[in-house]
Amino acid sequence: MRLVKICLLCSLLIATTGCWDQNFLSQTSLAFSVGFDSTDDPDTLEVTSIIRALKPSGGGMVEPYNTRYQVTGKSPLILREKMNQITPGEFSINKLANVLIGEDLAKKEIYPLLDVLYRDAKSNVNAKVILTKGKSKKVLEPEYLKGTLISKATRDLLSSAEDHSLIPKQSLATIMPAMFDPGQDFVLPYVEQIEGKLIKVSGVALMDNLIYSGNKLIGEDSTLYLLMVGKEGTYAQFTINDPTIKKGIDQKISFFVRKNRHKIKVKIIDSKPVYTVSLKLKVSVSEYTKGLITRFEKKRLERHMSEDMTKQAQKVTNLLVKSNCDALGLGRKLMIKDPNLFNEYKKHGKLDLKRVEIHPTVKVEIVNNGILD
């Protein structure tokens, strides 16, 4: 009986050991960044891949380095096969960190570029999708950025921009639901190469369905949009002018948001959707060179900040309407409230923003004046 038990246990161990699907690092070329660009031929794509490899650095140690590959082809899958032909080992996207798309190419539908990444079970769906000014290959050109390999440097820049409420926290996995949601559009981080081949995260590119509208929210406009939808990061700071001072550095008032209460409501007035986008911001003054803020001064500043931020919010919503980018999710609000009315105000499968009214308001309350309080 004991022998039977031992034989049975051994048979179970044999059945459960090992791995049926092994991928040895020494036999793969790991792509950490890929960039898609258009070419002179409208039917041909160009892809740039940054492959991470290791080299001896002495003392039995190794250090990572990048190799850069470029191929052209008619579809992303063909491009992938061509990469396999020129890279040592199997071309792999298991560790993909960044997917960059040049702005010219993004003015066509971007989903066909991402489809192969979604369908591959080994693909890293946490990869960031980025829209670049000009060609994406220019952004991927340097091997290092201030001593850091370009793929990691780009990822670190995006992480910092998320923390400072310049871009939303999102990835391949999170933008997928919005791509085919008739109730909302999505935005993408907008990145550009500046002097000295440095990379700058400027704001967000506005998408009209699956196509780049050609417009973007830069700097504080992008931060204000994130506050409107409640997707801000750890920090959100603004600087406005004090109208009582005509010029000079004293004209500036800087403050950061400590608490944000945002709300989007829709009312039907005379059979027309009317939206109110309201923000209530509790802020701390981080720079005010006139010195102490009296009770009277505090009320004056709050009133001016509220008026200035409301004007800026109107500028943001105007650009969203112009871009036909429903990044506020207004269509979804109307779909829930009145599906039949949504169908009346629908154009190209989503809400026609030019036919509705949007009224943003921002109310600012100063809750902290810094150490001078």
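What you see is a predicted model; the values in this text were computed from it and never measured. (Residues numbered from 1 in each chain as written. Predicted model: local features only at pLDDT ≥ 70, side-chain atom pairs only at ≥ 80, totals over all residues. Heavy atoms only, no water.)

### Quick word on the overall build of the protein
Piece 1. Looking only at helices and strands, the protein features eleven helices and 17 strands.
Piece 2. By residue count, 47% of the 373 residues in the protein fall in the buried class.
Piece 3. Partitioning the intrachain contacts of the protein with sequence separation of at least 6 by distance along the chain shows that 67% fall at a separation of at least 24.
Piece 4. Of the accessible surface of the protein, which amounts to about 19800 Å², a share of 54% is contributed by carbon and sulfur atoms. (Helix = DSSP H or I, 4+ residues; strand = E, 2+ residues; numbered from the N terminus. Buried < 20%, exposed > 50% of the residue type's maximum accessible area, 1.4 Å probe, protein only. Contact = heavy atoms within 4.5 Å. Areas by Shrake-Rupley, 256 points an atom, 1.4 Å probe, with all protein chains shown as cover.)

### Side note on the packing of aromatic side chains
Piece 1. For the structure shown, the criterion picks out three aromatic pairs.
Piece 2. Aromatic pair Tyr111 and Tyr118: ring centres 6.0 Å apart, planes at 15°, arrangement stacked. Note on accessibility: Tyr111 and Tyr118 belong to one class, buried.
Piece 3. When the ring of Tyr111 is compared with that of Phe180, the centres are 5.1 Å apart and the planes differ by 80°; the resulting orientation is edge-to-face. On the criterion of sequence distance, the pair formed by Tyr111 in helix H4 (residues 111-119) and Phe180 in the loop between helix H7 (172-179) and strand E9 (187-194) is long-range, its members being 69 residues apart.
Piece 4. By relative accessible area, which is 16% here, Tyr111 ends up buried. (Phe/Tyr/Trp six-rings, centres within 6.5 Å; stacked < 30°, edge-to-face > 60°.)

### Thoughts on the confidence of the model for the protein
Piece 1. Residues with a pLDDT of 70 or more make up 89% of the protein, whose mean pLDDT is 89.
Piece 2. Confidence drops under a pLDDT of 50 for residues 19-24, and excluding neighbours within four residues, the segment shows three contacts in the predicted structure. (pLDDT = per-residue confidence, 0-100.)

### Focus on a positive patch on the surface
Piece 1. Taken together, the side chains of Lys259, Arg261, Lys263, Lys265, Lys267, Lys280, Lys282, Arg295, Lys299, Lys337 and Lys363 make up a positively charged region of the molecular surface.
Piece 2. Locating Lys267 in the fold gives a position in strand E13 (residues 252-269).
Piece 3. Residue classification places Lys267 among the exposed residues on the basis of a relative accessible area of 57%. (Patch = residues over 30% accessible without salt bridge, like charges linked within 9 Å, V, L, I, M, F, W, Y side chains within 5 Å. Salt bridge = Lys/Arg side-chain N within 4 Å of Asp/Glu carboxyl O. Lys, Arg positive; Asp, Glu negative; His and termini not counted. Charge placed at Lys NZ, Arg CZ, Asp CG, Glu CD.)

### Considerations on helix H6 (residues 150-163)
Piece 1. For H6, built from 14 residues, the straight-helix expectation of 20 Å at 1.5 Å per residue is met to within 8% by its first-to-last C-alpha distance of 20 Å.
Piece 2. The complete set of buried residues in H6 reads Ile150, Ser151, Ala153, Thr154, Leu158, Ala161 and Glu162.
Piece 3. Ser165 sits one or two residues past H6 and shows a positive phi near 60°. (Expected span 1.5 Å × (residues − 1).)

### Some details on the nonpolar core
The nonpolar side chains of soluble globular proteins are, as a tendency, buried together.
Piece 1. Counting residues in each nonpolar core, the largest one holds 63 residues, and the members touching the most others are Leu224, Tyr225, Leu328 and Leu351.
Piece 2. The residues touching Leu224, leaving out its near neighbours within four places in the chain, are Phe238, Leu279, Met309, Gln312, Ala313 and Val316. (Core = buried A, V, L, I, M, F, W, Y, C linked by side-chain atoms within 4.5 Å.)

### Observations concerning the pattern of salt bridges
Piece 1. Counting across every chain of the model gives 16 salt bridges.
Piece 2. Residue Lys350 is joined to Asp208 by a salt bridge in which the shortest nitrogen-to-oxygen separation is 2.8 Å. Taken together, the residues span a long stretch of sequence, with Lys350 in strand E16 (residues 350-351) and Asp208 in strand E10 (residues 198-208) at a distance of 142 residues.
Piece 3. Judged by relative accessible area, which is 2%, Lys350 ranks as buried.
Piece 4. Each of Lys138, Glu141 and Lys197 takes part in salt bridges that share partners, so that together they form one network.

### Observations regarding the pairing of strand E12 (residues 237-241)
Piece 1. Side chains Phe238 and Ile240 project from E12 onto a buried face, and the interleaved Gln237, Thr239 and Asn241 project onto a face without burial.
Piece 2. Relative to E13, E12 runs antiparallel, the two sharing five bridges. Residue pairing for E13: Phe238 is matched across the bridge by Phe255. (Pairing = 2+ DSSP bridges.)

### Here we look at the pairing of strand E2 (residues 45-58)
The side chains of a regular strand alternate, first on one face of the sheet and then on the other.
Piece 1. Both strand E1 (residues 28-38) and E2 contribute to a ladder of eight bridges, which runs antiparallel. Residue pairing for E2: Ser38 is matched across the bridge by Leu45.
Piece 2. Where E1 hands over to E2, the hairpin turn is made up of six residues, counted between the paired strands.
Piece 3. The pairing of E2 with strand E3 (residues 61-73) spans 13 bridges and is antiparallel. Counted as the bridge partner of Ser49 is Tyr69 from E3.

### Brief notes about the side chain of Ser171
Piece 1. The residue Ser171 is located in the loop between H6 and H7 in this model.
Piece 2. When near neighbours in sequence (up to four residues on either side) are disregarded, Ser171 contacts Val125, Asn126 and Ala127.

### Focus on the packing of helix H8 (residues 220-229) against helix H9 (residues 295-323)
Piece 1. Close contact between H8 and H9 brings their axes to 10 Å; oriented N to C, the two are set at 90°. Taken together, the axes of H8 and H9 lie roughly perpendicular to each other. For the pair formed by H8 and H9, the contact residues are Glu220, Asp221, Leu224, Tyr225 and Met228 on the first element and Met309, Gln312, Ala313, Lys315, Val316 and Thr317 on the second.
Piece 2. Taken together, the residues that form the contact of H8 with H9 break down as six nonpolar, two polar and three charged. (Axes fitted to C-alpha atoms, helices over the stretch in contact; angles between N-to-C directions. Parallel < 35°, antiparallel > 145°, perpendicular 65-115°, else oblique. Nonpolar A, V, L, I, M, F, W, Y, C, P; charged D, E, K, R; others polar.)

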